Amino acid sequence: MTGEKSKYPPQRTCIACRQVKEKKALIRLVRIENGVAEIDVFGNKPGRGAYLCSNKICWELALKKNRLEYALRTKLNEDNRQTLIEYSHNLLEES
Ligand SMILES: [Zn+2]
């Protein structure tokens, strides 16, 4: 895919609120070994990914309603879930 001339930055959909935003405005999560969901800080890890807004509300929704699990086709273990919940506590209510 070379020579693709895009006037617009890449866009992705938040799995919680379904808003389409610029990729860089979203936080990517990626499924790594053992079905663990990891925050992909640079947004370029290989594997099944899902995007969430950088706000607490979307994270809570994605974790509580298992939308993240659905999007990543995985089942989070308690440790993993806790790590993500803790991460979300550092986010703002609104992005
Ligand atoms: Zn969102």
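Residues numbered from 1 in each chain as written. Predicted model: local features only at pLDDT ≥ 70, side-chain atom pairs only at ≥ 80, totals over all residues.

## A short note on the overall build of the protein
Let me state the cut-off plainly: Counting from the N terminus, the helices are the DSSP runs of H or I reaching at least four residues and the strands are the DSSP runs of E reaching at least two. This radius of gyration counts C-alpha atoms alone. The globule rule is 2.2 Å times how many residues there are, raised to the power 0.38. Burial in this document is a count-based property: other C-beta atoms within 10 Å of a residue's C-beta are tallied, and the residue is buried at 20 or more, exposed at 12 or fewer, or partly exposed in between, with C-beta positions derived from the backbone. What counts as a contact here is a pair of residues whose C-beta atoms, placed from the backbone, lie within 7 Å.
Along its length, the protein carries 3 helices and 5 strands. Put simply, the protein runs from its N terminus to its C terminus through helices and strands in the order β-β-β-β-β-α-α-α. Radius of gyration (C-alpha) of the protein: 14 Å, near the 12 Å computed for a compact globule of 95 residues. Dimensions along the principal axes, computed over C-alpha positions, put the protein at roughly 45 × 30 × 20 Å. Looking at the protein residue by residue over its 95 residues, the buried ones come to 20%. When contacts within the protein are restricted to residue pairs at least 6 apart in sequence, those whose partners lie at least 24 apart make up 54%.

## Topic: helix α1 (residues 56-64)
Owing to its 3.6 residues per turn, the α-helix brings residues three or four apart onto one side. The test is simple: Note that the arc is defined by the directions from the helix axis to the C-beta atoms.
Among all positions in α1, only Cys58, Trp59, Ala62 and Leu63 are buried. What you see down the axis of α1 is that its buried residues fit within an arc of 125°, all on one side. For α1, the elements touching its buried residues are β5 (49-53), α2 (67-72) and α3 (78-89). Phi turns positive one or two residues past the end of α1, at asparagine 66, with a value near 60°.

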